[in-house]
Amino acid sequence: MYFIPRSFSLGGYDMSFTHKTKHKHVCRIFCAALLCLSVLTGLSSPAVASATEETTATTDTLHWPTGPQLSAEGAVLMDAETGAILYEKNATERLYPASTTKLMTALLALENSALGETVTVSHNAVYDIDVDSSRIWVDEGEELSMEDSLYALMLPSANDLAYAIAEHIGGTKEGFAEMMNARAKELGCVNTHFMNPHGLDEEEHYTCPADLARITRPLLKNSSFLKISGSKNYQIPPTNLCKDSRWVLNTHLMIRGAQPYDGVIAGKTGHTDLAGANLVTCARRGTMTLIAVIMKAPDDTALYNETAALLNYGFDNFTVYNVTDEQLILNNDVPPLFNSEDTVQLTNSEIVTTDSGSVVLPFSASLSDLKKSVSLTQLTSFAEGKNTIGKVTYTYGTREVGSANIVYTNKGPAFTITPPAEELPETTPSTEQEPPATSDEQNKTEDTPKKDRKPLIIGIILGCICFFIGIYIVFVELPYRRKRAAYLAKRRNGRH
């Protein structure tokens, strides 16, 4: 049996139970420091975890139906009333429109002329069109009414009449193209540029599925367009140069009945070698009207099958809610409407309502799932009756699904608001005041504590570590050194 003293020397190192006790204290100190570090680091974790949980919950709750698989290069399904896009595939990708271009030609013709006006066919309209392209073979100097010209434009897709309409409205083909591009911009088109009124291939003549739907949407509010585009056939009466009537057939097979679809009301075909097969189809069932756009399908069979699949997806999965009668509650979150408090009191919800509004939602969703944002317009003049003073936009998750106008009903005579004099800029240097902080500056001020939180947490962590190191030195290291020095001194005295 061997007896081990409480301390002994081995190889020049002093081994003692005091030294072992020191290491126990070290472990305890560092465990406490690590625990503190974990707690402090976790201060920022709940916000991240909460945001993640909220995002997951939102994704799970706000379900959007899965759309069909399409072979076409681009497609869009839009609700005509709200403008909400229910399905998209390469919605903003640049593609060639072919004769679906004629939807914009028809829109400008209906907006800038009367159906009874006379369209005279020019030399260019007859001879600047490819002889093998679609046409009704009018002659130079032939006269047709605008209504008959639009039937020729929309049903058999006559390029010669598209050219004649463009010259009648815009003076020249180039002038009309400028009008087309300006109108596309007004409609919110994002990737569209027109070079001609008929859609024959040109490199800089392009659009995208979403833009074609935007161009079609205002046409559905025009009864003349619905009558013309929704016709299976039409008889163009004799003209000054043609003694016989011309019968024309609609090239859209769903409208004509060769590929029947319940509820179809309008549309336009488009085919060229570069563009491929294109189709715009409008269908209505109940209170819902849909616009289906298919671009560059591989063939006509896929074109019509995928159009039907898109429309079925819309009608089978979505519904439209009317929000016209909703009362708008104005609170402190809404900016003031007017410069003067004594002009119109808008705190009374009876005089502020929403008008002409609707939203489209999946069957599984409800109006309570919507988020609402309000934008107001600072008006200075008000007519008698309804005045649109802003807009309410509704979103479902990240998707905009509808909107409504905010309307103030002025029951008295028209009036004008004069801005208060105090809003005019001061010109005297002595009376100048420091300008109020802008909203951006206020946001920066409000965001400063959030941005400084991370350095603050790091500083606290480092301070705690230093604090525990100090405790270790004072209560462990220094006493140990003193005991060790006393022990060594005692041994030296014992030897002497």
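Residues numbered from 1 in each chain as written. Predicted model: local features only at pLDDT ≥ 70, side-chain atom pairs only at ≥ 80, totals over all residues. Heavy atoms only, no water.

(A) Structural detail: the overall build of the protein. Scanning the protein from N- to C-terminus turns up twelve helices and 18 strands. Considering the protein as a whole, with its 496 residues, one finds that 40% of them fall into the buried category. Summed over all atoms, the accessible surface of the protein reaches about 27900 Å², with 53% contributed by carbon and sulfur. (Helix = DSSP H or I, 4+ residues; strand = E, 2+ residues; numbered from the N terminus. Buried < 20%, exposed > 50% of the residue type's maximum accessible area, 1.4 Å probe, protein only. Areas by Shrake-Rupley, 256 points an atom, 1.4 Å probe, with all protein chains shown as cover.)

(B) Main features of the nonpolar core. Core analysis: the largest hydrophobic core is formed by 58 residues, its most contacted members being Leu 103, Met 104, Ile 136, Leu 150, Met 154, Phe 225 and Ile 291. By size, the runner-up hydrophobic cluster in this structure holds 46 residues, among which are Tyr 87, Ile 255, Tyr 304 and Leu 310. (Core = buried A, V, L, I, M, F, W, Y, C linked by side-chain atoms within 4.5 Å.)

(C) Spatial organisation of the sheet that holds strand 3 (residues 74-79). Reading across the sheet, the five strands line up as 4-3-11-10-9 and stay open at both edges, with antiparallel pairing between neighbours. What marks the edges here is a single partner per strand, and that holds for strand 4 (85-89) and strand 9 (264-272). Averaged over neighbouring strand pairs, the angle between their axes works out to 5° when direction is ignored. Judged from the eight bridges that link them, strand 10 (residues 276-285) and strand 11 (residues 288-297) form a sheet pairing that is antiparallel. By the bridge assignment for strand 11, Val 280 is matched with Val 293. (Pairing = 2+ DSSP bridges. Axes fitted to C-alpha atoms, helices over the stretch in contact; angles between N-to-C directions.)

(D) Structural detail: the layout of surface pockets. Considered as a void within the structure, the largest pocket measures approximately 590 Å³ in volume. What lines the largest pocket is a set of 26 residues, among which Ala 80, Glu 81, Thr 82, Gly 83 and Arg 217 lie closest to the centre. Elements supplying a minimum of two residues to the lining of the largest pocket: strand 4, helix 8 (209-219), strand 13 (352-362) and strand 17 (399-410). It is strand 17 that contributes the most residues to the lining of the largest pocket, seven residues altogether. Of the residues belonging to the lining of the largest pocket, the class tally is seven nonpolar, eleven polar and eight charged. (1 Å grid on protein atoms, 1.4 Å probe; cavity = no way out; pocket = protein on both sides within 12 Å on 5 of 7 lines; lining within 4 Å. Points joined across faces, edges and corners; volume = space filled by probe spheres on them. Nonpolar A, V, L, I, M, F, W, Y, C, P; charged D, E, K, R; others polar.)

(E) Structural detail: helix 7 (residues 173-186). Relative to the 20 Å expected for 14 residues at 1.5 Å per residue, helix 7 spans 20 Å between its end C-alpha atoms, a close match to the ideal helical length. Of the positions making up helix 7, those classed as buried are Lys 173, Gly 175, Phe 176, Ala 177, Met 180, Arg 183 and Ala 184. Residues of helix 7 that are buried sit in contact with helix 3 (102-112) and helix 6 (159-170). Gly 188 occupies a position one or two residues after helix 7 and carries a positive phi of about 85°. (Expected span 1.5 Å × (residues − 1). Contact = heavy atoms within 4.5 Å.)

(F) Up close: the side chain of Ser 358. Inspection of the secondary structure puts Ser 358 in strand 13. With a relative accessible area of 6%, Ser 358 lands in the buried category. Ignoring any residue separated from it by four or fewer positions in sequence, one finds Ser 358 in contact with Glu 81, Thr 82, Val 320, Tyr 321, Asn 322, Val 323, Val 401, Gly 402 and Ser 403.

(G) Structural context of the pattern of salt bridges. Inspection of every chain in the model, using the stated rule, returns seven salt bridges. Note that Arg 135 is salt-bridged to Asp 160, the shortest N-O span being 3.9 Å. Residue Arg 135 is found in the loop between helix 4 (123-127) and strand 6 (143-145), and its partner Asp 160 is found in helix 6; the two are separated by 25 residues along the sequence. According to the relative accessible area criterion, Asp 160 is buried, its value standing at 0%. Taking the shortest distance from any N to any O, the salt bridge between Arg 214 and Asp 211 comes out at 2.7 Å. Here Arg 214 and its partner Asp 211 are both found in helix 8, three residues apart, which amounts to about one turn of the helix. With a relative accessible area of 22%, Arg 214 lands in the partly exposed category. Asp 211 sits in the buried class, given a relative accessible area of 0%. (Salt bridge = Lys/Arg side-chain N within 4 Å of Asp/Glu carboxyl O.)

(H) Structural context of the pairing of strand 7 (residues 233-236). Because side chains alternate across strand 7, one face comprises the buried residues Tyr 234 and Ile 236, and the other comprises Asn 233 and Gln 235, none of which is buried. As judged from the four bridges shared by strand 7 and strand 8 (residues 246-249), these two strands associate in the antiparallel manner. Within strand 8, the position partnered with Tyr 234 by the bridge is Val 248.

(I) A look at the packing of helix 3 against helix 7. Where helix 3 meets helix 7, the closest approach of the two axes is 10 Å, and the angle between their N-to-C directions is 95°. Here helix 3 is positioned roughly perpendicular relative to helix 7, judged by the angle of their axes. Between helix 3 and helix 7, the residues in contact are Met 104, Thr 105, Leu 107, Leu 108, Glu 111 and Asn 112 and Phe 176, Met 179, Met 180, Arg 183 and Ala 184, respectively. Among the residues forming the contact of helix 3 with helix 7, the class breakdown is seven nonpolar, two polar and two charged. (Parallel < 35°, antiparallel > 145°, perpendicular 65-115°, else oblique.)

(J) Fine view of the environment of Thr 301. Within the secondary structure, Thr 301 sits in helix 11 (residues 300-317). According to the relative accessible area criterion, Thr 301 is exposed, its value standing at 56%. In this structure the C-alpha to C-alpha distance between Thr 301 and Gln 259, which are 42 residues apart in sequence, comes to 10.0 Å.

(K) View of the packing of aromatic side chains. Enumeration over the complete set of coordinates arrives at six aromatic pairs. Here Tyr 87 and Tyr 313 contribute two aromatic rings whose centre-to-centre distance is 6.1 Å and whose plane-to-plane angle is 70°, an arrangement assigned as edge-to-face. One end of the pair, Tyr 87, is in strand 4; the other, Tyr 313, is in helix 11, and 226 residues separate them in sequence. (Phe/Tyr/Trp six-rings, centres within 6.5 Å; stacked < 30°, edge-to-face > 60°.)

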